[in-house]
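# Topology and contacts: notes
What follows is the residue order along each chain.
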Amino acid sequence: MDSTGTESSAGTGAEKDRAAVNLTKATPAPVPAPTTAEAPDIQSHDTFVIKKTLSLTAGEYVVSVARPDGSEGEPVAYAREKRLSLRGQVTVYTDASRKSVLAAFKGRDHEVGYMYDVRDASGQSFGSFHAGASFLRRTWQVRQPGTMKLTGREHSRVVAFVRFVWEFVPYLEYVPFIWPYRFKYTESGKTLMTVTKKLGLHTRYVLEILAPDIDRRLAIAHTLALDALEVD
């Protein structure tokens with residue numbers, strides 16, 4: 001060190017620089033919060049399998065991408081419901097731990113009875129559905145603002161009649177309707193989506209989407225509603 005103290009000042013500055021570097025390394029960058037972009041890429045898939053299992057207190061739904069042979073592939077959504085009232089809410093999650101929301105729907109009073117708004121994790125509405133006026137063949141209106149309005153009807157009149165009678169036979173309300181049935185969703189006479197309940201004692205649906213613009217979250221939410229709202 002010379003008499004002017006120049007070297008000492010330089011050394012002190014270097015030490016400060018090293019301390020700043022060490023401080024930067026020791027402080028990890030904040031982890032960004034989960035966003036909707038981290039949700040499974042479901043929009044690129046056209047066919048899904050929805051399977052329901054029953055427990056003592058609720059029904060558990062698992063939505064999987066369908067493999068080419070029709071079997072269940074990668075799970076992409078999960079939901080749980082107890083006994084959904086007309087105004088009840090069902091939340092659909094992207095993971096089994098139910099921490100990340102994919103979509104949610106809830107009923108509200110409407111001129112047609114009850115309208116079910118479908119919202120994303122931030123609460124933004126991106127679609128809706130409601131039951132249409134029908135005596136035997138149940139119908140649904142599924143709306144995706146700015147894109148399309150689908151009308152869904154039960155395909156078979158015979159099966160629709162049997163299901164209608166089934167609901168009024170004593171004690172049969174506690175027995176699952178095992179016979180398969182199908183809903184077709186059309187716009188201007190063109191089929192754009194189908195929901196098929198498969199044959200069997202276990203509740204299993206196949207959702208097939210034939211239009212690329214249909215929001216898969218809306219389609220999945222509505223399929224869950226077909227079961228959760230006791231349509232069968």
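Because the structure is a prediction, the values reported are computed rather than measured.

### Regarding the packing of aromatic side chains
Counted under the stated rule, the structure contains five aromatic pairs. Between Phe105 and Phe129, the aromatic rings sit 5.5 Å apart at their centres with planes inclined by 65°, giving edge-to-face as the arrangement. With Phe105 in strand 5 (residues 101-110) and Phe129 in strand 7 (residues 125-131), the pair connects residues that are 24 residues apart, well separated along the chain. Residue class for Phe129 comes out buried when judged on its relative accessible area of 0%. Linked through ring pairs, Phe105, Tyr116, Phe129 and Trp140 together constitute an aromatic cluster. Residue placement shows Arg217 over the ring face of Phe126; its charged tip is 3.9 Å from the ring centre.

### Observations regarding the pattern of salt bridges
Oppositely charged side chains can pair when the atoms bearing their charge come close. Under the defined criterion, the tally for this structure stands at six salt bridges. With its nearest N and O atoms 3.8 Å apart, the salt bridge here joins Glu72 to Arg204. Of the two residues, Glu72 sits in strand 3 (residues 72-81) while Arg204 sits in strand 12 (residues 203-209), which places them 132 residues apart along the sequence. Glu72 gets classed as partly exposed once you look at its relative accessible area, which sits at 30%. The class for Arg204 is partly exposed, based on a relative accessible area of 23%. For Arg108, the salt bridge goes to Asp117, with nearest N and O atoms at 2.4 Å. The class of Asp117 is buried, set by a relative accessible area of 12%.

### Quick look at helix 3 (residues 216-228)
Between its first and last C-alpha atoms helix 3 spans 18 Å; for 13 residues at 1.5 Å apiece the expected length is 18 Å, and the two agree. With twelve of 13 residues buried, helix 3 lies mostly within the body of the structure. Those residues of helix 3 that fall on the buried side of the exposure criterion are Arg216, Leu218, Ala219, Ile220, Ala221, His222, Thr223, Leu224, Ala225, Leu226, Asp227 and Ala228.

### So, the pairing of strand 1 (residues 47-54)
Two elements, strand 1 and strand 12, share six bridges in a ladder whose sense is antiparallel. In the strand pairing of strand 12, Thr47 is matched with Glu208. As paired elements, strand 1 and strand 2 (residues 59-66) share seven bridges and run antiparallel to each other. Bridge pairing in strand 2 links Val49 to Ser64.

What counts and what doesn't
Numbers given to residues run from 1 along each chain, matching the order in which its sequence is written. Only residues with pLDDT of at least 70 are given local features in this predicted model, and only at 80 or more are side-chain atom pairs given and counted; all residues enter the totals for whole chains, interfaces and linings. To get the side-chain values, all heavy atoms of the structure are used, and hydrogens and water are removed first. Any two rings among Phe, Tyr and Trp, with Trp reduced to its six-membered ring, count as a pair given centres within 6.5 Å; such a pair is stacked if its planes are under 30 degrees apart, edge-to-face if over 60, and tilted if neither. Here a helix means four or more residues in a row that DSSP labels H or I, a strand means two or more in a row labelled E, and each is numbered from the N terminus. With a 1.4 Å probe rolled over the protein chains alone, any residue whose accessible area is under 20% of its type maximum counts as buried; one over 50% counts as exposed, and the rest are partly exposed. A ring has a charge above it when a Lys NZ or an Arg CZ is no more than 6 Å from the ring centre and no more than 35 degrees off the ring normal. Whenever a carboxyl oxygen of Asp or Glu lies within 4 Å of a side-chain nitrogen of Lys or Arg, that contact is scored as a salt bridge. Multiply 1.5 Å by the residue count of a helix minus one, and that product is the helix's expected span. A pair of strands counts as paired when DSSP detects no fewer than two bridges linking them.

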